[in-house]
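Chains, contacts and geometry: an overview
For reference, the chains in residue letters:
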Amino acid sequence: MNYNPSTIERIGDLINGIRVDTGALAAETYFHQNQTELFTVHGRVRIHLLFGEVTEAISNNAATVLYNFTSTSPSIAVQPMCAASGSVAQLAVGERIFWVGGAVATAAVLTATPGISDINPAPQIVGTDGGVGTIGIKAEAADCTDGTVKFSVFYTPLSDGAYVEALV
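What you see is a predicted model; the values in this text were computed from it and never measured.

Looking now at the pattern of salt bridges. When the charged atoms of two side chains lie near each other, side chains of opposite charge can form a pair. Taken as a whole and assessed by the stated rule, the structure comprises two salt bridges. Here R19 ties to D21 by a salt bridge, and the two come within 2.9 Å at their closest N and O atoms. Owing to a relative accessible area of 24%, D21 belongs among the partly exposed residues under this scheme. For E53, the salt bridge identified is with R96, shortest N-O distance 3.1 Å. One end of the pair, E53, is in strand 2 (residues 35-56); the other, R96, is in strand 5 (residues 96-98), and 43 residues separate them in sequence. Judged by its relative accessible area of 27%, E53 falls in the partly exposed class. Its relative accessible area of 13% is what places R96 among the buried residues.

Next comes the structure, spelled out in structure tokens:
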């Protein structure tokens, strides 16, 4: 049996959550020892998957990456969604910086093989009913000079009108 591509996409939304992608982000611009906001969260959502996939190999710089949430309304300072990953130095095309969910102290995981993620994340709820916040990354320990990464989030709305949109 063959399904129409729009039917296949809708089934994916129902099973995995709604997907939102950033553009390909240059590591030399976004992987510095500072905060970069990736997605705006309107309302309250359940995050099912969150990862960055390398689209151009990362430089040999020992940067680590963590995901976090910040809210402007109500005001909530930067809060980690996970602990920092291992070094992203020399990640190859197709490797991922994967948020695993669950306990906030769990580090983001770097996939060991390009194109394969063997991680089954635990959902996390972010945002507040009627609030606006952001999901971002923070690179730590070093700056990267080369490479690109594209980030994706899969989510389910949990409050009326809730949604996520890419910022970059």
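This is not the end of the story, as more comes after the structure.
Here the focus is the packing of aromatic side chains. Per the stated rule, a full pass over the model turns up four aromatic pairs. Centroid distance F51 to F98: 5.5 Å. Interplanar angle 10 degrees. Geometry classified as stacked. With F51 in strand 2 and F98 in strand 5, this residue pair connects regions lying 47 residues apart in the sequence. Note on accessibility: F51 and F98 belong to one class, buried. Taken together, the ring pairs in this structure connect F31, Y67 and F151 into an aromatic cluster. Over the ring of F51 we find R96, and its NZ or CZ is 5.8 Å from the ring centre.

This next bit is on the environment of E140. Along the chain, E140 turns up in strand 7 (residues 124-140). When residues no more than four places from it in sequence are discounted, the contact partners of E140 are Q33, A62, A63, T64, L66 and A84.

One finds F31, I47 and Y67 to be the most contacted residues of the largest nonpolar core, which totals 35 residues. For this core, the secondary-structure elements that each account for two or more residues are strand 1 (18-26), strand 2, strand 3 (64-73), strand 7 and strand 8 (148-157). The biggest single contributor to this core is strand 2, with seven residues. Beyond its immediate chain neighbours, meaning those up to four positions away, F31 contacts A26, V65, V88, I97, I137, A139, A142, D143, C144, V149 and F151. Counting residues in hydrophobic clusters, the runner-up holds six residues, among them L49, F51, V100 and I119.

Thresholds applied
Residues numbered from 1 in each chain as written. Predicted model: local features only at pLDDT ≥ 70, side-chain atom pairs only at ≥ 80, totals over all residues. Heavy atoms only, no water. Salt bridge = Lys/Arg side-chain N within 4 Å of Asp/Glu carboxyl O. Buried < 20%, exposed > 50% of the residue type's maximum accessible area, 1.4 Å probe, protein only. Helix = DSSP H or I, 4+ residues; strand = E, 2+ residues; numbered from the N terminus. Phe/Tyr/Trp six-rings, centres within 6.5 Å; stacked < 30°, edge-to-face > 60°. Lys NZ or Arg CZ within 6 Å of the ring centre and 35° of its normal. Contact = heavy atoms within 4.5 Å. Core = buried A, V, L, I, M, F, W, Y, C linked by side-chain atoms within 4.5 Å.

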